[in-house]
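Overview (structure and organization)
Residue strings, one per chain:
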Amino acid sequence: MVTVTLQTNHARLQQRLNDLSTIGVLPYGGVRRMAYSPEDLAARQQMITAMEQVDMAITIDAAGNIIGRYSGTQDLPALATGSHIDTVPAGGRYDGALGVLAGIEVVATLHEAGQRLKHPIEVIVFTDEEGEMIGSKAMAGTAHYTDAEFYQRLDGTSIQTCLQRIGGDWKQLATAQRTSQDVAVYLELHVEQGGVLEARECQIGVVQGIVSLQRYLVTISGRPNHAGTTPMDMRQDALYAASLLVAAVHDVAVDIPGDQVATVGYLDVTPNAANIVPGQVDLTIDMRDLSLETIETMVNALQQRVQKIEVTTGTQIQLERQHAVEPTLASPRIQETIAAVCDSLKLSHYSMPSRAIHDAQEMGRFTQMGMIFVPSQAGVSHAEDEYTSPEQCGQGADVLLHTLLQLDLNLL
Ligand SMILES: [Zn+2]
């Protein structure tokens, strides 16, 4: 058990969440605050002001990340926390915002108590998490440094212009890179964005890691032909093959133990006409799990099914891997610390992977990473009715505070 005396101010955290959500507010209570937009700029300024009020020193790196630093009593690498304040086009009030504001609330609590840790605390507002994650990628050294076009906005605005708006500098992007000598730990509080905690009636999620994502583009080639004159046994129906493949994708995920997921979310039928046997189908397969081995098992099982489907339907099926993101595991020590803090605060907790991508995924590539989840009502996120109660937000902030306090003592 760890001793817990300090508590974050839940009402103040709620007030800050309310204030931030007024910037880019939508008619039904959601938020539109796209990276680099005037709303994003205003929100960034609001964060800087809040950080300065609690004696944090502000730096903006070349990737436009805002780094607020609350100095420690010793010359040690930082304990960093944070998240993002940009949103999807019609997002909620909590995704990202909670992590940043809880970080500021943790510092405000320490500042009010006149307390400094041995390590400096950093609260980081990462640039464009909902887009290309240039902020955390630049910090981890995984950004596409030479490919400016990769980061170009849909409206044609260049990344150079975007970064300039927020105080960054594309040409200096590599200078944003940091190491574990600078950041000893990165701990992010985030809403779960799924329904697991609610279903399990648990208050806090202890994140085991952020899953690997692999995406395949599949082309099924059959033969388009007359829907009336082509007998059933003479068809090469690409959509019939696709239907068997969709079922196979579902099967390979549920046939082995574990909570891996696999999805066909996109399907394009050619020629897509009522009176023609479909000649070609393009579809995507998205597979996610913490373990690369599990994903490999699913892929192997799928390949066997594909061969059978080709024989049954007379089609040809090509799988091309489009996209593969390595998993990032959370530090076991940080997971244990979060769980111990929850026990002391009498909060129930549940260990789970994150199946959504977060800045922590990139930060975890160069330093010890941990994540704390709080429940999302009905599992809804990236939507206007995203909701996490004031009590749940406050509980998350308290776990963040005490985990940082414990890590401060035990990392030395
Ligand atoms: Zn987020």
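Keep in mind that what you see is a predicted model, and the values were worked out from it rather than measured. (Residues numbered from 1 in each chain as written. Predicted model: local features only at pLDDT ≥ 70, side-chain atom pairs only at ≥ 80, totals over all residues. Heavy atoms only, no water.)

**Observations regarding the packing of aromatic side chains**
Note the following rule: Each aromatic pair joins two rings of Phe, Tyr and Trp (for Trp, the six-membered one) with centres within 6.5 Å, and gets the label stacked for planes under 30 degrees apart, edge-to-face for over 60, and tilted for any other angle. Helix and strand definitions here come from DSSP, where helices need a minimum of 4 consecutive H or I residues and strands a minimum of 2 consecutive E residues; each element is numbered from the N-terminal end. When accessible area is computed with a 1.4 Å probe and restricted to protein chains, residues below 20% of their type maximum are described as buried, those above 50% as exposed, and intermediate ones as partly exposed. We count a charge as sitting over a ring when the NZ of a lysine or the CZ of an arginine lies within 6 Å of the ring centre and within 35 degrees of the ring normal.
One pass over the full model with this rule turns up four aromatic pairs. With centroids separated by 6.1 Å and ring planes inclined at 90°, the aromatic side chains of Y94 and Y387 adopt a geometry described as edge-to-face. With Y94 in the loop between β3 (78–84) and α3 (97–112) and Y387 in the loop between β16 (368–374) and α11 (390–410), this pair connects stretches of sequence that are 293 residues apart. You can call Y94 buried: its relative accessible area is 3%. Aromatic side chains F126 and Y186 sit 5.7 Å apart centroid to centroid with 80° between the ring planes, which places their arrangement in the edge-to-face category. Note that F126 is positioned in strand β4 (residues 121–126) and Y186 in strand β5 (residues 183–191), a separation of 60 residues in sequence. By relative accessible area, F126 is classed as buried at 2%. Grouped by ring-pair contacts, the aromatic residues F150, Y151 and W170 constitute a single cluster. The ring of Y70 has R116 sitting right over it, with the charged end atom 3.9 Å from the ring centre.

**A few points about the side chain of T313**
Just so we agree on the cut-off: Think of a polar contact as two N or O atoms within 3.5 Å of one another; within protein, one of them needs to be a possible hydrogen donor and the other a possible acceptor, and neighboring residues in sequence only count if both atoms come from side chains. For this analysis, residues touch if any pair of their heavy atoms sits within 4.5 Å.
Examined against the element boundaries, T313 turns out to sit in helix α8 (residues 292–313). Here T313 falls in the buried class, since its relative accessible area comes to 5%. Separated by 2.8 Å, the side chains of T313 and T315 make a polar contact. Beyond its immediate stretch of four places on either side in the chain, T313 contacts R235, Q236, D237, Y240, A241 and L244.

**Examining the coordination of the zinc ion**
Applicable threshold: Note that water is not among the atoms considered, so a metal site may appear incomplete; the donors listed are N, O and S atoms within 2.8 Å of the metal, with 3.2 Å applied to Na, K and Ca.
H84 (NE2), D95 (OD) and H190 (NE2) make up the full set of protein donors to the zinc ion, lying at 2.0 to 2.2 Å. When the donor residues of the zinc ion are listed from N- to C-terminus, their spacing reads H-x10-D-x94-H. Note that D95 is positioned in the loop between β3 and α3 and H190 in strand β5, a separation of 95 residues in sequence. Classification of D95 by relative accessible area gives buried; the value is 6%. Judged by its relative accessible area of 1%, H190 is buried.

**Describing empty space enclosed by the protein**
Going by this rule: Only protein atoms enter the 1 Å grid used here. Points where a 1.4 Å probe fits but cannot escape make up a cavity, open sets with protein on both sides within 12 Å along at least five of seven lines make up a pocket, and a residue lines them when an atom lies within 4 Å of a point. Grid points are joined across faces, edges and corners, and a volume is the space filled by probe spheres set on the points. Lys, Arg, Asp and Glu make up the charged group, whereas Ala, Val, Leu, Ile, Met, Phe, Trp, Tyr, Cys and Pro make up the nonpolar group; the residues left over, Gly among them, are polar.
Taken as a whole and assessed by the stated rule, the structure comprises one cavity of 30 Å³ or more. Quantified by volume, the largest cavity comes out at close to 30 Å³. Residue composition of the lining of the largest cavity, grouped by class: four nonpolar, one polar and four charged.

**Looking at the domain arrangement of the protein chain**
The criterion, for reference: A domain assignment, automatic or from a database, supplies the domain bounds used here. Once two parts are brought into contact, the accessible area they lose, counted with a 1.4 Å probe and summed over both, makes up the buried area. Definition used for salt bridges: Asp or Glu carboxyl oxygen within 4 Å of a side-chain nitrogen of Lys or Arg.
Assigned domains within the protein chain: domain 1 (10–210 + 327–410) and domain 2 (212–325). The C-alpha-based centres of domain 1 and domain 2 are spaced at 37 Å. Tallying the contact residues gives 10 residues for domain 1 and eight residues for domain 2. Between domain 1 and domain 2, roughly 760 Å² of surface is buried when both sides are summed, and carbon and sulfur atoms account for 65% of that area. Among the residues domain 1 hides against domain 2, the three largest losses belong to P327, P353 and R355. Together they make up 65% of the total. Counting the contacts that link domain 1 with domain 2 gives one salt bridge. A salt bridge links D259 to R355; the nearest nitrogen and oxygen atoms lie 3.4 Å apart.

**With respect to the UniProt feature "binding site: allantoate" (unreviewed entry) in the protein chain**
Using the following cut-off: UniProt positions are given in the numbering used here, feature names are shortened, and annotations may be inferred rather than shown by experiment.
Here, the residues flagged by UniProt with the feature "binding site: allantoate" (unreviewed entry) are R215, N275 and R288. Across 74 residues of sequence, these annotated residues are also dispersed in space, with a maximum C-alpha separation of 37.1 Å. Of the annotated set, the members that line the largest pocket are R215 and R288. For N275, the position within the fold is in the loop between β10 (267–270) and β11 (276–277). Leave out the neighbours within four places in its chain, and N275 touches N225, H226 and A227. Along the polypeptide, R288 turns up in strand β12 (residues 280–289).

**Things to note about a nonpolar patch on the surface**
Rule in force here: Patches in this entry comprise residues that are over 30% relatively accessible and not in a salt bridge; like charges within 9 Å are linked, as are nonpolar side chains (Val, Leu, Ile, Met, Phe, Trp, Tyr) within 5 Å. Here, Shrake-Rupley sampling with a 1.4 Å probe gives the accessible areas, and only protein chains in the shown set may cover a residue.
On the surface, L239, V246 and L267 cluster together into a nonpolar patch covering about 210 Å² of accessible area. Tracing the sequence through the fold places L267 in strand β10. With a relative accessible area of 43%, L267 lands in the partly exposed category.

**Overview of the state of the cysteines**
Here is the rule we go by: The rule for a disulfide is simple: a pair of cysteine sulfur atoms within 2.5 Å.
The full count for this structure, using the stated rule, is zero disulfides. C202 supplies the cysteine sulfur nearest to C342, a cysteine that is in no disulfide, at a spacing of 9.4 Å.

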